[in-house]
Amino acid sequence: MYRKHSGYFLAASLTAAIAVAPVAYAQTTLKLINEYPATSITATADLNFAEQVNKLSQGSLEVKTLQEKDNPFKGVDQVDAVSKGDVQMGTIFGGILGAKDSLFLLSSLPFASKDFKQARAIYTCAKPALEARAQALNTRLLYVTPWPPSGIWSVKPVANAGDLKNLKIRTYDQTSKAVFQNLGAESVNLPYSALAEKLAAGEVNAVLTSGDGGAGRKLWDHLPNFTAVNYSIPLSYTIINNDTWNKLSPEQQSTLTKAAEQVSEASWSGVEKRIDANYARMQENKMTLNKTPSAAVMEALSKAGAAETASWMKANPLDEREKACLN
């Protein structure tokens, strides 16, 4: 009797075991590039994003961050790499993306935002248009990370409008390059990855960037002065290749969307705290901070900024909805 039914019992046991055993899914890995160091606000956001994706997917979806020197792509090549699918995802500064589509420069127009509330309002207003422009690059916009306001790091203090003419300054898009050129400065638009060599050679004596970006690169080794002119509150955009997105399951797409929403909210909520933290680091490294630039410096920058914004608007026609975002 036992022999007759032993095969049946064995088969039934195996069937039951298979039914309760967890199903093993192959892990999907997506690479995310960023040319900024791990201590920067954007790289920190990327690490947070990777952590949230892992948590929400219970480990079945992995985001591998390739930051600074681990990122094989530099400058505008990063946009091409994501568009073509050479890498799945990228967190790319707006000035770099703006070389492909000018609308991504909207947030970094000079003095467009007086504070983070206004910067977020501009982004929220322009988001549908930005998403459409990202699609045109064969990418999908996942989230943005706001930078602290851009200021001037320099070898010598910027005490008056005349000091602006003595700058050999690294800027981050064509608009900021033109603003400083119009003020009589030597201005060069460089990606962050190309900056160290120029500084070491003395070809640059100033940098337009936030306290966050400068602290991450330890610019105080070359540039001991910071003037908080609050030139703009630029954004970095995290995008994913469209073909990559379409190959993901609905569950995986949902995971990325949820993680992106959480990270974006955390970035907007926490960016102001970075300013004080950056200033503290700068002072620890013996920097001189000028938090109240002279009226002459601000007037010169504002005048040049307004002229270049008008020029940019003329060269980059916006529809009525997009124009309204700046009002």
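None of these values were measured; they are calculated from a predicted model.

The rules behind the values
Residues numbered from 1 in each chain as written. Predicted model: local features only at pLDDT ≥ 70, side-chain atom pairs only at ≥ 80, totals over all residues. Heavy atoms only, no water. Axes fitted to C-alpha atoms, helices over the stretch in contact; angles between N-to-C directions. Helix = DSSP H or I, 4+ residues; strand = E, 2+ residues; numbered from the N terminus. Left-handed = near helix turned anticlockwise from the far one by under 90°. Contact = heavy atoms within 4.5 Å. Salt bridge = Lys/Arg side-chain N within 4 Å of Asp/Glu carboxyl O. Buried < 20%, exposed > 50% of the residue type's maximum accessible area, 1.4 Å probe, protein only. Pairing = 2+ DSSP bridges. pLDDT = per-residue confidence, 0-100.

Enquirer: Which residues make up the packing of helix 2 (residues 41-56) against helix 11 (residues 250-284), and what values go with them?
Expert: For the pair helix 2 and helix 11, interaxial distance at closest approach is 9 Å and the crossing angle is 145 degrees. As helix 2 packs across helix 11, the resulting crossing turns out to be right-handed. Each of Ile41, Thr44, Ala45, Asn48, Phe49, Gln52, Val53 and Leu56 in helix 2 lies in contact with helix 11, whose residues at this interface are Thr255, Leu256, Lys258, Ala259, Ala260, Gln262, Val263, Ala266, Ser267, Val271 and Arg274.

Enquirer: I'd like a rundown of the pattern of salt bridges, residues and numbers included.
Expert: Using the criterion set out here, one finds six salt bridges in the structure. Across the salt bridge formed by Asp212 and Arg274, the nearest N and O atoms sit 2.7 Å from each other. One end of the pair, Asp212, is in helix 9 (residues 211-216); the other, Arg274, is in helix 11, with 62 residues separating them in the sequence. When its relative accessible area of 2% is taken as the criterion, Asp212 is described as buried. The network of salt bridges with common partners includes Asp101, Arg133 and Glu322.

Enquirer: Outline the sheet that holds strand 10 (residues 235-241), listing residues and values.
Expert: Here we have five strands laid out as an open sheet, ordered 2-1-3-10-4, and mixed in their pairing. The two strands at the open ends of the sheet, each matched to only one other strand, are strand 2 (61-67) and strand 4 (139-146). Here the average twist between neighbouring strands, direction ignored, is 20 degrees. The sheet contact formed by strand 1 (residues 28-34) and strand 2 spans seven bridges and is parallel. Within strand 2, the residue paired with Leu30 across the bridge is Val63. Together, strand 1, strand 2, strand 4 and strand 10 form the strand contacts of helix 11, whose direction differs from that of strand 4 by roughly 20 degrees.

Enquirer: Give me the lowdown on the confidence of the model for the protein chain, citing residues and values where you can.
Expert: Counting all residues, the mean pLDDT for the protein chain is 89, and 92% of those residues have values of 70 or more. A low-confidence stretch, residues 1-25 (pLDDT under 50), is modelled with zero contacts involving residues beyond four sequence positions or located in other chains.

Enquirer: Which residues make up the sheet that holds strand 11 (residues 288-290), and what values do they have?
Expert: Where strands meet in a sheet, backbone hydrogen bonds hold them as pairs that are either parallel or antiparallel. Taken in spatial order, the six strands make up an open sheet running 7-6-8-5-9-11, and their pairing is mixed. The sheet is open, and its two edges are formed by strand 7 (186-189) and strand 11, each paired on a single side. Neighbour-to-neighbour, the strand axes of this sheet turn through a mean angle of 25 degrees, independent of strand direction. Taken together, the four bridges between strand 6 (residues 168-171) and strand 7 define a ladder with parallel strand orientation. The partner of Arg170 across the bridge, within strand 7, is Val188. Sitting on the sheet, helix 7 (residues 174-182) is in contact with strand 5 (150-154), strand 6, strand 7 and strand 8 (206-210), with an inclination near 175 degrees to strand 7.

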